[in-house]
Structures are given as structure tokens and as C-alpha cells.
Amino acid sequence: MTKFIFITGGVVSSLGKGLTSASLGALLQSRGFTVRLRKLDPYLNVDPGTMSPFEHGEVFVTDDGAETDLDLGHYERFTGVAAKSTDSISSGRIYSTVLEKERKGDYLGETIQVIPHVTNEIKSFLEKKEEEVDFMLCEIGGTIGDIEGLPFFEAIRQFSQERERGNCIFVHLTLLPFLSSSGELKTKPTQHSVKELRSIGIAPDILVCRSEQPIPTKEKEKIALFCNVNKKNIISATNLDSIYYAPLAYFDEGLDTAVLKVLNLDTRKEPDLTRWNDVCSRVKNSEGLVRIAVVGKYTQLEDAYKSLSEALIHGGMANKTKVETVWFDSGTFEKKSKTETLNKFDGILIPGGFGKRGTEGKINVINFARKTKIPFLGICLGMQLMVIEYARNVAGIIDANSEEFEEEDLKKSGEKIIYHLSHWFKGQNLEVREKIQDKGGTMRLGAYPAKIKKGSFAHSIYKTDRISERHRHRYEVNIKFVKNLENKGLHFSGFSIDGQLPEIIEITNHPFFIGVQFHPELKSKPFEPHPLFSSFIKAALEQTRLV
Ligand code: GLN
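Before going into details, it helps to say that this report is about the structure given with it. (Residues numbered from 1 in each chain as written. Predicted model: local features only at pLDDT ≥ 70, side-chain atom pairs only at ≥ 80, totals over all residues. Heavy atoms only, no water.)

Enumeration over the complete set of coordinates arrives at 15 aromatic pairs. Here the aromatic rings of Phe4 and Phe6 are separated by 6.1 Å at their centres, their planes lie at 15°, and the arrangement is stacked. There is no split in this pair, since Phe4 and Phe6 are both buried. Following the ring pairs from residue to residue traces out a cluster consisting of Phe4, Phe6, Phe159 and Phe170. Sitting over the face of the ring of Phe159, Arg163 holds its NZ or CZ atom 3.7 Å from the ring centroid. The cationic tip of Arg444 hangs over the ring face of Tyr448; the distance from NZ or CZ to the ring centre is 4.4 Å. (Phe/Tyr/Trp six-rings, centres within 6.5 Å; stacked < 30°, edge-to-face > 60°. Buried < 20%, exposed > 50% of the residue type's maximum accessible area, 1.4 Å probe, protein only. Lys NZ or Arg CZ within 6 Å of the ring centre and 35° of its normal.)

As C-alpha cells, this is what we get:
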């Protein structure tokens, strides 16, 4: 029978609940258990797909095409278990399901209330089974005390109550602030947070306490006493140089052992930590340094490109090198001469993005990278702009542009090189999208297979001619322009299976100039760096050796 681990947070947000959940998942795997991780978000958006990356960080896309919280990215990177649409839920989704049911008459005669209708819906989400796993880890977004979070806390309380004892456990993450004036770690906020949790009927079994310093035994005893938690179950979580040290750090602190003990499971068998020892030694023993410039639009908030920054680190790990990523706002390069400042970088990357703002700056950057032969990777919008740049500057299509930007200007839109995709095949099914459709969940989303041309650079990177990568976009390179561009030296080395949608572009006579319509960063893991990132960093590393 699946055991449920509920992970909640208190005191402040951003304590790293997602990383704690992901690390615990990885540790349970190392003990031979199967795991799934789920995120329950109290916000009212149906999914984060329509939220600005400034608001909520990156939107993580699953294989089955759901736009989910970035924590699902952590889960996948740490456990290798591909996240699914059923692993992410928000209040918005719960309420809209309840309201739909109400309209259909499913609750005919009843008064619809948070308890039991909303809480029942949350519980049925928790029970949704994909396949039987040993552990289901469920993280509740936000912090205890948030008004929106209450139905979720109530639902997990009921859920644990309805199961036989020993099948659910509660892990609560809090903060122990350090007061430099008194030189003390303060336990009071944690006490208050636990009090709040207990007042709604949840008694935590394990407390994970974030602090800048290791927690002295005396403080642990105090927390245990005041919070009514076993002393051995007070886990200290100090700041780490790399998030990839977290699983081993939690192992040293005994987090997984504590979980197993609370659940009365055998703790004698030693875990196999080879994977994480190897990951840590790659992080620790990196020799070189490559500097990558990422030119994007949401660069003030690193979380907006979470998977991307991690994938670059993974690419570094594959080459035993450190990657220093420097973020630039694309507006900086609207003046062409400004691109010269990128000369000191070993590689340049343009990630995905939306809307016209900053695109001309990005096109200038692409032009610079192509001419100066600095390794360059373009992702999604990045690839579309590479096509536009090449079309304008090499193929002589001077007005080349994307429908996406011209629409914003309300100009007439003729046959565009990057056009709005209105229909395509997902397996056997025809997907159709109108331009004036709802914005939520209406892009080409999720994993699609693609074929790669033998003999191409992309083929030498992937070492296969069939790949599957995740997408999230509305616009696409127009197949009608492909022949002309090919004749001028822009090679299309990857296509959708039906050959209609260009997926990968590259040029020869350049150490690395590749554009991909999909998001390879979503599939990269520290123990399995994505080949595109490994080879991009390799090319960048070779660049450093040239100077
Ligand atoms: N804005 C572009 C599109 O919708 C690219 C999207 C992206 O980069 N994810 O096609």
C-alpha cells in the first residue's frame, strides 16, 4: 500500500520545500523504493501557464503536456521520474472542477461548501493513481497560515485520518533565524508555526529546520520539547554550495531514516548512494570554468529560467567544468555595437520567450554569435529568431519576421517565415488551435517525437535519429521557406515525424550554432545531462582553450 508523505512549510516562503521533497524522494529511491512527487498549489490560477515568469518563475512542462509549477522540475531532476499532469493541482483547478460538477447537477439538492465538496475533490486528486508506488510525496505550496491554503491542510488532515495509522506522515519545514546581536538561533518562529499547524489538527512527525548554522543539540532538544516532536526527528538543513549536495546532506542528518522509522519500516538495509556520490564529486571536482551569456527577457529573476540554469550546470558536470552563467536583458543589445561586450563569453544562449519586446536585440546577438563563431544555442523563440536572422542577413528575405510580433503591431500579416500554427498531429490525433482562443493551455505542449537527419551535427550529438522532446509554443518555422534557407546554408537537421514542422537547425563552418524548437532543458538531470547541453558546454570549453 502506498505511503503518503505530506510536506508543508512554515514561518516564511522560499525555504526550499521543493528541494527537500525532491531530495527525500531521491533518498527513498536509493533505498530501493519507488516514488512519485506531487504539488498542491493554493493559488487560484487553474495552472501557472498564464502567469508571468516574474510572478511564479518558470512554467515546467510535462511529457503529457501540462503546464505546471517549477517544483515539478526539481522532482524530476532529482528522481528521474517523469512528472505527469496528474502530479500538479491548484485551487483554481479544484474549484473549477467543483463548479463544473455543480452546473452539471452532480450535487443536485446540496449546498456546495469548502468542506466537504472542495476537500473531497482535493482528496480524490491525492488518490489518483498512475501506477502503484511505495511512496507518494505531496508538497503543499505556500506557508501554514495562508488563507488559500486552508482547504488543502484540511484535506490532508482528513486524508490521513481516513487511512489506517502508519500510512501518512507529516514533514514540516521551518526557519530558525540567527540573531547576530545575541549570537543565537531562535526557535520561537518554529514553535509558532507548529502551533498553527496543530491548531488545524496536524501534528508534524518530522521538522526540517532551515538555518544558517548547524543546530546545536540543546536547540534541537528545545524544539522537540516545545513542538512535541521526537528529538531524532528534528532535521537540520543548513545552506549548501550546490543544491545537488542536498540528498547526501539530508542522508547525513538522517531524514530518510526518520521517515522510515515513523512509518515502522525497516531501516537496516544500507542505501545505494552511488548516483549522488558521483553527482557530488562532479560538482566538487570541476576543473575548468566556462562563461555563458544568456540573453533573455525575464533575467531579473533566475527562477524564470530554472531548468535552463540547471541544465547548463549539468552540461558543465558532464565536462567536469564549472559554468558561470551571466544573464543579460535583451534590450541591452538593441544597439548593435553593444553585442561586442559578449566577446568575452565562451558561449551564448537565447532561451524561450514570448512577445516582441527585446527580439531585435536578440537578433543582433545571434548575428554576432554566428559571425564571431562563439558557440551558440537557441531554444524555442531563440531558434525562431535564428531563422529570422539568417533569412534577413544571408538569404536576402529582408522583411523576415514572426506573426507573433507583427500581430502586436497590428500590421497586416502576409505569409510569415514564423507563422501561427493552427493544426498539427499529436500521434494520430489532429490538434487544432484558433488564433483567438483562450490563452491557457492552448499551445503545442508536451513531448513530441522528432527525427534527426543522419550525418548532421545534431545526429552526432544525440547519437540517434529518433528523439522525444517537450514543446511549449504557438508559432513555428514555415516549411515553405525551408528549401530556400537550406540552399543558403541553414540546415534543417530535425523535423516532426510527418516532416512538416522544423525542429532543429544548424550551420556548418561554426563550432556550435544550433537552434531547437523544443525545450531540451526540461529533460536534463544532474546524473544524466542532456546531450545538447553537454556538447554546448564542451564547445564553449574548447573555445576557452583557443584563447
Ligand atoms: N513565443 C514563441 C511561440 O509561441 C516561442 C515560445 C517559447 O519560446 N517557448 O512560438
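Here the narrative resumes, following the displayed structure.
Take helix α6 (residues 150–162) next. With 13 residues, α6 extends 18 Å between its outermost C-alpha atoms, agreeing within 8% with the 18 Å of an ideal straight helix rising 1.5 Å per residue. Regarding α6, the residues found buried are Pro151, Phe152, Phe153, Glu154, Ala155, Ile156, Gln158, Phe159 and Ser160. (Helix = DSSP H or I, 4+ residues; strand = E, 2+ residues; numbered from the N terminus. Expected span 1.5 Å × (residues − 1).)

What follows covers a positive patch on the surface. Together, Lys188, Lys195, Lys218 and Lys222 make up a region of like positive charge exposed at the surface. When contributions to the positive patch are tallied by element, the ones reaching two or more residues are α7 (188–199) and α8 (217–227). With respect to the helices, strands and loops of the structure, Lys222 is situated in helix α8. (Patch = residues over 30% accessible without salt bridge, like charges linked within 9 Å, V, L, I, M, F, W, Y side chains within 5 Å. Areas by Shrake-Rupley, 256 points an atom, 1.4 Å probe, with all protein chains shown as cover. Salt bridge = Lys/Arg side-chain N within 4 Å of Asp/Glu carboxyl O. Lys, Arg positive; Asp, Glu negative; His and termini not counted. Charge placed at Lys NZ, Arg CZ, Asp CG, Glu CD.)

This paragraph deals with empty space enclosed by the protein. Scanning the model with the defined rule gives two cavities of 30 Å³ or more in all. Of the voids in this model, the largest cavity is the one considered here, and its volume is about 80 Å³. Along its surface, the largest cavity is lined by Gly352, Gly353, Phe354, Cys380, Leu381, Gln384, Glu404, Arg472, His473, Arg474, Tyr475 and His519. For the lining of the largest cavity, the secondary structure elements donating two or more residues are α14 (381–393) and β20 (466–473). Considered class by class, the residues forming the lining of the largest cavity number four nonpolar, five polar and three charged. Computed from the structure, the second largest cavity encloses a volume of approximately 50 Å³. Taken together, Arg36, Leu37, Tyr75, Thr79, Val81, Ala82, Ala83 and Asp87 make up the full set of residues lining the second largest cavity. Looking at the lining of the second largest cavity, its residues break down into five nonpolar, one polar and two charged. (1 Å grid on protein atoms, 1.4 Å probe; cavity = no way out; pocket = protein on both sides within 12 Å on 5 of 7 lines; lining within 4 Å. Points joined across faces, edges and corners; volume = space filled by probe spheres on them. Nonpolar A, V, L, I, M, F, W, Y, C, P; charged D, E, K, R; others polar.)

If you look at the biggest cluster of nonpolar residues, it comprises 46 residues, and the most contacted ones within it are Ile5, Phe135, Leu137, Ile206, Val208, Tyr250 and Val259. Sort the elements by how many residues they give to this core and helix α1 (residues 17–30) lands first, with six residues. Each residue touching Val208, except ones within four places of it in the same chain, is listed here: Thr20, Val171, His172, Leu173, Thr174, Ile235, Ala237, Tyr250 and Leu255. Among the nonpolar cores identified, the runner-up in size contains 40 residues, and Ile350, Leu385, Phe405 and Ile417 belong to it. (Core = buried A, V, L, I, M, F, W, Y, C linked by side-chain atoms within 4.5 Å. Contact = heavy atoms within 4.5 Å.)

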